[in-house]
Amino acid sequence: MKNLFIAITTLVSVCFYGQTITTESFLSGKLNTKRDITVKLPKSYDTATDRAYPMIMVLDSEYLFGLFDANLTYGKSWDDMPDVILVGISQNKNNERYDDCEMDEKSGLPTDKSSAFFDFIGTELMPHLEKKYRISAFRGIAGVDTTAGFINTFLYKDMPIFNSFISISPDLALGMEQRVAQRLNAIKKPIFYYQATSDLDLKKFQTQIKTLDENIRAVKKDTMVHYKFDKFKNIPHYGIAACAIPSALYQIFNLYQPISNTEYKEKIEPLKEGHVAYLRKKYEIIEKELGVKLKVRYTDFLAIENAIKKHEAWYEYEELAQISGEQYEKTMLYDYHMAVYWEKRQEYKKALMFYQNSFVKKEIGEFTKDFMMSKAEDIKRFYPPKKDKLKGGQAKRNFEDTTQPVPDAPATPEQQPATDTPPTENKDTEKPKN
């Protein structure tokens, strides 16, 4: 009766929070046994049927699945991480993890038992998951101590099936400190690699991890290897995972995150022009390296607009309008961008037309009907239009800035639209969420 109550409670909890978590018993021909495979799908999975999602596979699922789930959910709530398909492999019912990850003591290579587990993941489980779920090109794998050391064997292939590795206090096989660094240097695609230890970790592990860290840092292909190493203080071995997982996920998904104050100050503000090109490239990289295609965030539009105004690169408003017109065509954003573009060219009649056209569009953030009406009224005082016009990009700084001043930094929370829930990347709303 008690077990029945627990089962019902779990089912109700899953349904209440709208989460899709399933566990299936997968029969493996390679292992000649069944393994429990747990899969959690994003909330948007059933509605966004045209989307593919990054995947993270977690070994030692009994220990690590919940930690990854909690951190991914939290990061997603602040739009710091994308929706992810989370997969867990059970390895601890009968201590299977040791056979799964066994390495030859003399060669440092997988034994027959661990080779079978390697093949199970690569030739049985992954094809099954790819057929059943919409998985993007971004696939990560994670483990702790014994399983963390094992995940490195996927780097030994010329074209690894994973491009992200989260290695938490790894127990490294013989020669792995050199072999992993060599493979990272040889692989011809971007790889995210994270490892962690602590000053209270096992001494053997600390020594091995320090050597591997030094060897990876000597890898010259900085543009291909995204690497991070953490050494925590006063954390025992079995506490490292709780600290390492959020650090690893934020490192991996750093590319995904909205434009921050630091990114603005260091990378965008110094540009005298090409701000919109920077924005396009940012989202192209997100799609290419993380397999996530999303609309440009409203706050990122504001950050780029701030830089355009600071450097008086008015012609870039037309480029900005190309993006807003395509991705936010039902909102006022496109009309605002085009109105400012023509206003800066002193084509006031055209600018007025766009301000007025926006009245029937959806409001978005600070761009409300009242705001657009006030802009339209302000611009009428410039009639008749002047003859001087902005041509190409040559005279882009010769005209008075008639728009309202904005701070030369990304939008603060006060500038952003009020919201009760965190933003999502695919929802076209009247008022974007923070």
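Residues numbered from 1 in each chain as written. Predicted model: local features only at pLDDT ≥ 70, side-chain atom pairs only at ≥ 80, totals over all residues. Heavy atoms only, no water.

**Considerations on the nonpolar core**
If you look at the biggest cluster of nonpolar residues, it comprises 73 residues, and the most contacted ones within it are Ile 56, Phe 68, Ile 166, Leu 249, Phe 253 and Phe 367. Leaving out residues up to four positions away in the same chain, Phe 253 has contacts with Ile 56, Leu 72, Asp 80, Met 81, Pro 82, Val 84, Phe 138 and Leu 290. (Core = buried A, V, L, I, M, F, W, Y, C linked by side-chain atoms within 4.5 Å. Buried < 20%, exposed > 50% of the residue type's maximum accessible area, 1.4 Å probe, protein only. Contact = heavy atoms within 4.5 Å.)

**Things to note about a negative patch on the surface**
Residues Glu 102, Asp 104, Glu 105 and Asp 112 make up a contiguous surface patch of negative charge. Along the chain, Glu 105 turns up in the loop between helix 3 (96–100) and helix 4 (112–132). (Patch = residues over 30% accessible without salt bridge, like charges linked within 9 Å, V, L, I, M, F, W, Y side chains within 5 Å. Areas by Shrake-Rupley, 256 points an atom, 1.4 Å probe, with all protein chains shown as cover. Salt bridge = Lys/Arg side-chain N within 4 Å of Asp/Glu carboxyl O. Lys, Arg positive; Asp, Glu negative; His and termini not counted. Charge placed at Lys NZ, Arg CZ, Asp CG, Glu CD. Helix = DSSP H or I, 4+ residues; strand = E, 2+ residues; numbered from the N terminus.)

**A few points about helix 15 (residues 369–379)**
Of all the positions in helix 15, only Phe 371, Met 372, Lys 375, Ala 376 and Ile 379 are classed as buried. The buried side chains of helix 15 occupy one side of the element, clustering within an arc of 135 degrees when seen end-on. Of the surrounding secondary structure, the elements contacted by the buried residues of helix 15 are helix 13 (333–344) and helix 14 (348–357). (Arc of directions from axis to C-beta.)

**Focus on the environment of Val 276**
Of note, Val 276 is situated in helix 10 (residues 275–290). Along the sequence, Val 276 and Ile 308 sit 32 residues apart, while their C-alpha atoms lie 8.7 Å from each other. If we ignore the near neighbours within four places in the chain, the residues touching Val 276 are Ile 304, Ile 308, Glu 316, Glu 319, Leu 320 and Ile 323.

**Some points on the sheet that holds strand 2 (residues 33–41)**
Whether parallel or antiparallel, the strands of a sheet pair through hydrogen bonds between backbone atoms. The strand order across the open sheet formed by eight strands is 1-2-4-3-5-6-7-8, and the pairing between neighbours is mixed. Looking at which strands have only one partner, the edges of the open sheet turn out to be strand 1 (20–28) and strand 8 (225–236). Across the sheet, the mean angle from the axis of one strand to that of its neighbour is 20 degrees, orientation sign disregarded. In terms of strand pairing, strand 1 meets strand 2 through nine bridges, oriented antiparallel. (Pairing = 2+ DSSP bridges. Axes fitted to C-alpha atoms, helices over the stretch in contact; angles between N-to-C directions.)

**Things to note about the side chain of Lys 40**
Considering the arrangement of structural elements, one finds Lys 40 in strand 2. Using a relative accessible area of 10% as the deciding quantity, one classes Lys 40 as buried. Within the local environment of Lys 40, its side chain forms a polar contact with the side chain of Thr 73, the two groups lying 3.4 Å apart. (Polar contact = N/O pair within 3.5 Å; in protein donor to acceptor, adjacent residues only side chain to side chain.)

**A word on the pairing of strand 7 (residues 191–200)**
Counting buried positions over the ten residues of strand 7 gives eight, a clear majority of the element. Here strand 6 (residues 164–168) runs beside strand 7; their pairing, made up of five bridges, is parallel. For Ser 167, the partnering residue across the bridge sits in strand 7 and is Gln 195. Handedness of the crossover is the feature at issue here: the chain leaves strand 6, passes through helix 6 (residues 176–186), returns alongside strand 7, and the resulting connection is right-handed. As paired strands, strand 7 and strand 8 are joined by nine bridges and run parallel to one another. (Right-handed = clockwise from strand over helix to strand, strands pointing away.)

**Details of the pairing of strand 2**
Counted along the chain from strand 1 to the antiparallel partner strand 2, the turn is four residues long, and its residue Asn 32 has a positive phi close to 60 degrees. Two strands pair when backbone bridges link them, and strand 2 and strand 4 (residues 85–89) are joined in this way by four bridges, in the antiparallel orientation. Each bridged residue has a counterpart across the sheet, and for Val 39 the counterpart in strand 4 is Val 87.

**Comments concerning unusual backbone geometry**
Positive phi values are uncommon outside glycine, yet Asp 60 reaches one of about 50 degrees. Given the relative accessible area of 0%, Asp 60 is considered buried. Even without being a glycine, Glu 312 presents a positive backbone phi close to 55 degrees. Its location among the elements puts Glu 312 in the loop between helix 11 (298–310) and helix 12 (316–327). Using a relative accessible area of 29% as the deciding quantity, one classes Glu 312 as partly exposed.

**Section: the pattern of salt bridges**
Taken as a whole and judged by the stated rule, the model has 21 salt bridges. Its salt-bridge partner being Lys 40, residue Asp 69 comes within 2.6 Å of it at the nearest N-O pair. You can see Asp 69 sitting in helix 2 (residues 61–77) and its partner Lys 40 sitting in strand 2, a full 29 residues away along the chain. Per residue, the accessibility class of Asp 69 equals that of Lys 40, and both read buried.

**Some details on helix 13**
Spanning twelve residues, helix 13 covers 17 Å between terminal C-alpha atoms, matching the ideal 16 Å at 1.5 Å per step. Burial in helix 13 covers these residues: Leu 333, Asp 335, Tyr 336, His 337, Met 338, Ala 339, Val 340, Tyr 341, Trp 342, Glu 343 and Lys 344. At its buried positions, helix 13 is contacted by helix 11, helix 12, helix 14 and helix 15. Backbone geometry just downstream of helix 13 places Gln 346 in the positive-phi region, at approximately 65 degrees. (Expected span 1.5 Å × (residues − 1).)

**Regarding the packing of helix 11 against helix 13**
For any two helices packed against each other, the geometry is given by the interaxial angle and the distance between the axes. Orientation of helix 11 relative to helix 13, taken along the N-to-C sense of each, is 5 degrees, at an axis distance of 13 Å. In terms of axis orientation, helix 11 runs roughly parallel to helix 13. Across the interface between the two elements, Tyr 298, Phe 301, Glu 305 and Lys 309 of helix 11 pack against Leu 333, Tyr 336 and His 337 of helix 13. Its residues assigned to classes, the contact of helix 11 with helix 13 shows four nonpolar, one polar and two charged. (Parallel < 35°, antiparallel > 145°, perpendicular 65-115°, else oblique. Nonpolar A, V, L, I, M, F, W, Y, C, P; charged D, E, K, R; others polar.)

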